[in-house]
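Coordinates in review
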Amino acid sequence: MPNIRTDLPLFSALSWLQKGLQDMRHSHFAGTFYGLVFVIFGYTLTLVYANFWKATMGLTAGFFLLGPIVCTGLYELSRQVESGKDTSLFKSMKAWLPNWKSIVFFAVMLTFLMIIWARVSIVLFALFADQEYPHLQSLFSQIASAKNLEFLMVWACVGAVFASLVFAISVVSVPMLIDRSSDTLTAVFTSANALWNNTLVCIIWAACIVVLIGFALVFFKPLLIFTAPWVGHATWHAYRDFVLTEDAASAAANGPSGLPAL
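Calculation notes
- Residues numbered from 1 in each chain as written.
- Predicted model: local features only at pLDDT ≥ 70, side-chain atom pairs only at ≥ 80, totals over all residues.
- Heavy atoms only, no water.
- Helix = DSSP H or I, 4+ residues; strand = E, 2+ residues; numbered from the N terminus.
- Buried < 20%, exposed > 50% of the residue type's maximum accessible area, 1.4 Å probe, protein only.
- Contact = heavy atoms within 4.5 Å.
- Areas by Shrake-Rupley, 256 points an atom, 1.4 Å probe, with all protein chains shown as cover.
- Phe/Tyr/Trp six-rings, centres within 6.5 Å; stacked < 30°, edge-to-face > 60°.
- Lys NZ or Arg CZ within 6 Å of the ring centre and 35° of its normal.
- pLDDT = per-residue confidence, 0-100.
- Core = buried A, V, L, I, M, F, W, Y, C linked by side-chain atoms within 4.5 Å.
- Axes fitted to C-alpha atoms, helices over the stretch in contact; angles between N-to-C directions.
- Parallel < 35°, antiparallel > 145°, perpendicular 65-115°, else oblique.
- Nonpolar A, V, L, I, M, F, W, Y, C, P; charged D, E, K, R; others polar.
- Patch = residues over 30% accessible without salt bridge, like charges linked within 9 Å, V, L, I, M, F, W, Y side chains within 5 Å.
- Salt bridge = Lys/Arg side-chain N within 4 Å of Asp/Glu carboxyl O.
- Expected span 1.5 Å × (residues − 1).
- Arc of directions from axis to C-beta.
- Left-handed = near helix turned anticlockwise from the far one by under 90°.

Right, let's get into the overall build of the protein chain. A count of helices and strands for the protein chain gives 12 helices and 0 strands. Taken from N to C terminus, the helices and strands of the protein chain fall in the order α-α-α-α-α-α-α-α-α-α-α-α. Evaluated residue by residue, the protein chain yields a buried proportion of 43% over its 262 residues. Contacts in the protein chain between residues at least 24 apart in sequence constitute 72% of all its contacts with a sequence separation of at least 6. Accessible surface, the protein chain as shown: approximately 14,200 Å² in total, 70% of it carbon and sulfur.

Moving on, we come to the packing of aromatic side chains. To describe a pair of aromatic rings, one takes the distance between the centres and the angle between the planes. The full count for this structure, using the stated rule, is 7 aromatic pairs. With 5.5 Å between their ring centres and 50 degrees between their planes, F226 and W230 make a pair best called tilted. Taken together, the positions of F226 and W230, both in helix α11 (residues 224-242) and 4 residues apart, correspond to about one turn of that helix. In this structure F226 comes out as partly exposed when scored by relative accessible area, which is 34%. Using a relative accessible area of 16% as the deciding quantity, one classes W230 as buried. Cluster of aromatic residues (ring-pair linked, three or more members): W16, W205 and F242. Over the ring of Y43 we find K221, and its NZ or CZ is 5.7 Å from the ring centre.

Another aspect to go through is the confidence of the model for the protein chain. Residues at a pLDDT of 70 or more form 80% of the protein chain, whose mean pLDDT is 83. Across the protein chain, the element-wise mean pLDDT spans from 52 in helix α6 (residues 139-143) up to 96 in helix α1 (residues 12-26).

Turning next to the nonpolar core. Soluble, globular proteins show a tendency: their nonpolar side chains are buried together. Ranked by internal contacts, the top residues of the largest apolar core, which has 51 residues, are W16, L17, F106, W205 and F242. In terms of residues, this core owes the most to one element, α11, which gives 9 residues. With sequence-adjacent residues up to four places away left out, W16 is seen in contact with L8, V201, W205, A234, H237, A238, D241 and F242.

On to the packing of α1 against helix α10 (residues 199-219). Between α1 and α10, the shortest axis-to-axis distance is 8 Å and the interhelical angle comes to 45 degrees. When the axis of α1 is compared with that of α10, the two are oblique. Together, S12, A13, W16 and L17 of α1 and V201, I204, W205, C208 and L212 of α10 make up the contact between the two elements. Residue composition of the contact of α1 with α10, by class: 8 nonpolar, 1 polar and no charged.

Turning our attention to a nonpolar patch on the surface. Together, M1, L65, L66, F105, V108, L185 and F189 give the surface a local cluster of nonpolar side chains, amounting to about 690 Å² of exposed area. Judged by relative accessible area, L185 falls into the partly exposed class, the value being 44%.

Once their charged atoms are close, side chains differing in charge can pair, the charge on each being opposite to the other. Per the stated rule, a full pass over the model turns up 5 salt bridges. Of the charged contacts in the structure, one is a salt bridge between R79 and E76, with a shortest N-O distance of 2.7 Å. Of this pair, R79 and E76 are both found in helix α3 (residues 56-83), 3 residues apart, which corresponds to roughly one turn of the helix. Between R79 and D179 there is a salt bridge, with the nearest N and O atoms lying 3.7 Å from each other. Here the residue R79 occupies a position in helix α3, and D179 occupies one in helix α8 (residues 173-179), the gap between them amounting to 100 residues. For R79, a relative accessible area of 23% puts it in the partly exposed group. Classification of D179 as partly exposed rests on a relative accessible area of 22%.

Look at α1: 21 Å from first C-alpha to last across 15 residues, which is about the 21 Å you get at 1.5 Å a residue. For α1, the complete set of buried residues consists of S12, A13, W16, L17, G20, D23 and M24. Along the axis of α1, the buried positions cluster into a sector of 135 degrees, meaning they face one direction only.

Structurally, S102 is set in helix α5 (residues 100-128). Exposure remark for S102: the relative accessible area of 12% places this residue in the buried category. For the pair S102 and V174, spaced 72 residues apart in sequence, the C-alpha to C-alpha distance is 9.2 Å. Setting aside residues up to four positions removed in sequence, S102 forms contacts with L177, S182, D183 and T184.

For the pair α1 and α11, interaxial distance at closest approach is 7 Å and the crossing angle is 120 degrees. Taken together, the axes of α1 and α11 lie oblique to each other. As for how α1 packs across α11, the hand of that crossing is right-handed. Residues W16, L17, K19, G20, L21, D23 and M24 of α1 pack against F226, P229, W230, H233, A234, H237, A238, D241 and F242 of α11. For the contact of α1 with α11, a count of residues per class yields 10 nonpolar, 3 polar and 3 charged.

So, in structure tokens, the structure goes:
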């Protein structure tokens, strides 16, 4: 199991976002291609919900399956910048292939959690809400009604549990899977370990992700062309800060003298 840093500054997320912007510039904004993929998915999801909402869950499940694979391209671009190589969008598209089994298994785990979460949400709505399932144009006004206060409280609590679980297993998982060719469970437990040892740092990082991705997804989807790759590049630097390299872990274990620490 890789060693995790436990002395990260509280607002490390700001440094990661700054480095993410630098990666975007150094890669000539090649990552905006992946941002466009997120925009297309966002509009597709909206269109499907508006016209045939029963298919929304299947489409969302497909995104959770493909999302980690799409994100590998962003991490690969950052890795290319880090190594001093010329950035290649084409090569970044193939970053998931060397360890595809582990990445796909991780995607299946996310999809499974999403399906459970969606089913629980439907059950909660059926138990607490006093109206039929809302149309897209009235979704927020109907669900956020004072009449549905009990539903909102229970749904928010249950959603927080699922969101925390998904975040816990994915803090550094996918960058680690392409960087070290680790197996899925090792990457998942490393992510959980990073969260456990840097809880406040991770909470601030999660808040940044929610603001940058959530705001764009809800209010102005074209912003994802910029915010999605920004967060993706920053996530690579989060992984670099959380997970010690083998050389750094060895040096920490041996102490400043180079001899094994007692």
